[in-house]
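Commentary on secondary and tertiary structure
Spelled out, the chains give:
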Amino acid sequence: MSAADVRRAEAGIEETVDAYKPSFLLGSSLGYSYGFPIGQPEVFSLTAQSLAFSFSQPDYIRAARKALQSAQLHLRDTRQQVILDTALDYIELAKIQQQITALDQESGYTHKLIEIEDARVDAGRDAKVELVKARLTGAQIELKRLHLEDQAEILRAQLAHLTGLSAADIVPDPRTIPSANPQAQGNPDAVALGGNSGIQAAYAAARSKLYTAFGDARQNNRPTIAFVASYGLFSNFNNYSQYYLHFQQNNFGAGVQITIPLLDSSRTAKAKGSLADAARSAAEADQLRNEAGEQVLQLEKNLSELALQEQVAELQAELAQDQLDAVTTQLDSGSGNADQSQLTPRDEQQARIEERTRYVDLLDAKFQLAQAQLGLLRSTGKIEDWAKSPAP
């Protein structure tokens, strides 16, 4: 759609420039006449007309060129948005695949835990509530896995629409994802205006409407000069020769047509409307710049918080892994301390479940950080450079 807008803007420039090129019209008004001739019995007529001079037309050409610039910038902005949408879907799909693998492992540990708890309840060593807790954990894991599978299917469909590939052929690889570390500095408004193609397109569109307003304002009280030429071949079977002296079939005329609109209220009203439309577009561009600057500032503030959240998730995952290692080591070798409570296979399965749960949470934290980083790159116009950078 954005590419079609660019082609339409290119045609708009051609339309404004072609006003200076002559247009040719071929017609005929051949017919029978009786008595005093009415009209012109032309076998055919050829008329050429072109604009020779206008105070408004140069402004209209400038407006068309700015409209083309706006369409081209909007096309670039749309391309960056598509890159962001595709990248986020791809990264999330890769994250979901890793989470599903971890949940499959966690589900296996949960089944073992249910078997252990079932045996301990039968032996009277644990209350039935422990078995219910284990089954509840297993049901929660299955529910989350089902949700992730549904989300993965939706993401594949979206990626298929964005890329034109088949959904079944999309298999993301986390190793192909480049690392993102945006560094936005200085005034957020200036940063957004300097790199955001959408804002630049809005300002170009506002400038185009301002040129249009200039052109409309110069329509009044200023002459417009056009070149006109016409050739007509008259029929010889009508009675023109009886009423016109020196009648001839071939007729030609050429000259200039000068028009000076001294009073035209509709043109004055149109100029006022065009100027108001230009003022509105300029205000909308300013508003878009301000919103983008606020978004850049918000994303910059969120990045540090999300980075700390990722660090917390990494430490929790590391702690869960260390606790699992400690449990398995003690089960293999024994604690060697009679006063210390002895660990059981149930403790091992619970530690394994906890380790996988923390790993899944870590993947979510990493994705949230990547989402904010790419959002900042999108706002500053650097998302395409990131997409083309090599993977680590």
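Fair warning: this is a prediction, and the values are worked out from it, not measured in the lab.

Let's shift gears to the packing of aromatic side chains. Using the criterion set out here, one finds four aromatic pairs in the structure. Measuring from ring centre to ring centre gives 5.9 Å for Phe44 and Tyr231, while their planes differ by 55 degrees; the resulting arrangement is tilted. Taken together, the positions of Phe44 in strand S2 (residues 42–54) and Tyr231 in strand S3 (residues 224–234) put the pair 187 residues apart, joining distant regions of the chain. Over the ring of Phe55 we find Arg222, and its NZ or CZ is 5.8 Å from the ring centre. Note that Arg356 overlies the ring of Tyr359, its terminal NZ or CZ placed 4.6 Å from the centroid.

Another aspect to go through is unusual backbone geometry. In this model, Asn221 sits at a positive phi of 60 degrees, which is unusual for a non-glycine residue. Judged by relative accessible area, which is 54%, Asn221 ranks as exposed. At His246, a position not held by glycine, the phi torsion is positive, near 60 degrees. Along the chain, His246 turns up in the loop between helix H6 (240–243) and strand S4 (250–259).

Turning our attention to the layout of surface pockets. One number sums up the size of the largest pocket: a volume of about 410 Å³. Together, 20 residues line the largest pocket, and Ile91, Ile177, Lys366, Phe367 and Ala370 are the ones closest to its centre. Looking at the lining of the largest pocket, the elements that each hand over two or more residues are helix H2 (57–122) and helix H8 (345–379). Among the elements that take part in the lining of the largest pocket, H8 stands out by supplying eight residues, more than any other. The residue inventory of the lining of the largest pocket, partitioned by class, reads 14 nonpolar, three polar and three charged. Of the volumes computed, that of the second largest pocket is approximately 320 Å³. Lining the second largest pocket are 20 residues; nearest its centre among them are His74, Asp77, Gly198, Ala201 and Ala202. At the level of elements, helix H1 (2–17), H2, helix H5 (197–217), helix H7 (265–333) and H8 are the ones that each hand at least two residues to the lining of the second largest pocket.

Bringing empty space enclosed by the protein into the picture now. With the rule as written, the count across this model stands at one cavity of 30 Å³ or more. Of the volumes computed, that of the largest cavity is approximately 40 Å³. Lining of the largest cavity is provided by Ser54, Phe55, Ser56, Arg218, Gln219, Arg222, Pro223 and Thr224. Looking at side-chain class alone, the lining of the largest cavity contains two nonpolar, four polar and two charged residues.

Read from one edge of the open sheet, four strands run S1-S2-S3-S4, paired in antiparallel fashion. Bordering the open sheet on either side are strand S1 (23–27) and S4, each of which pairs with just one other strand. Direction aside, neighbouring strands of the sheet carry axes that sit 15 degrees apart on average. Examined bridge by bridge, S1 and S2 share five bridges and lie antiparallel to one another. When the sheet's bridge partners are listed, Phe24 is paired in S2 with Ala48.

Turning next to the environment of Glu149. Relative to the helices and strands, Glu149 is located in helix H3 (residues 128–163). Of the residues examined, Glu149 reaches a relative accessible area of 31% and is grouped as partly exposed. For the pair Glu149 and Gln97, spaced 52 residues apart in sequence, the C-alpha to C-alpha distance is 8.5 Å.

Let us look at the pattern of salt bridges. Using the criterion set out here, one finds 24 salt bridges in the structure. Its salt-bridge partner being Glu384, residue Arg79 comes within 2.8 Å of it at the nearest N-O pair. Taken together, the residues Arg79 in helix H2 and Glu384 in helix H9 (residues 383–388) connect sequence positions 305 residues apart. We classify Glu384 as buried; its relative accessible area is 16%. Glu348 is the salt-bridge partner of Arg352, the closest N and O atoms lying 3.0 Å from each other.

Here is what the cut-offs are and how they apply
Residues numbered from 1 in each chain as written. Predicted model: local features only at pLDDT ≥ 70, side-chain atom pairs only at ≥ 80, totals over all residues. Heavy atoms only, no water. Phe/Tyr/Trp six-rings, centres within 6.5 Å; stacked < 30°, edge-to-face > 60°. Helix = DSSP H or I, 4+ residues; strand = E, 2+ residues; numbered from the N terminus. Lys NZ or Arg CZ within 6 Å of the ring centre and 35° of its normal. Buried < 20%, exposed > 50% of the residue type's maximum accessible area, 1.4 Å probe, protein only. 1 Å grid on protein atoms, 1.4 Å probe; cavity = no way out; pocket = protein on both sides within 12 Å on 5 of 7 lines; lining within 4 Å. Points joined across faces, edges and corners; volume = space filled by probe spheres on them. Nonpolar A, V, L, I, M, F, W, Y, C, P; charged D, E, K, R; others polar. Pairing = 2+ DSSP bridges. Axes fitted to C-alpha atoms, helices over the stretch in contact; angles between N-to-C directions. Salt bridge = Lys/Arg side-chain N within 4 Å of Asp/Glu carboxyl O.

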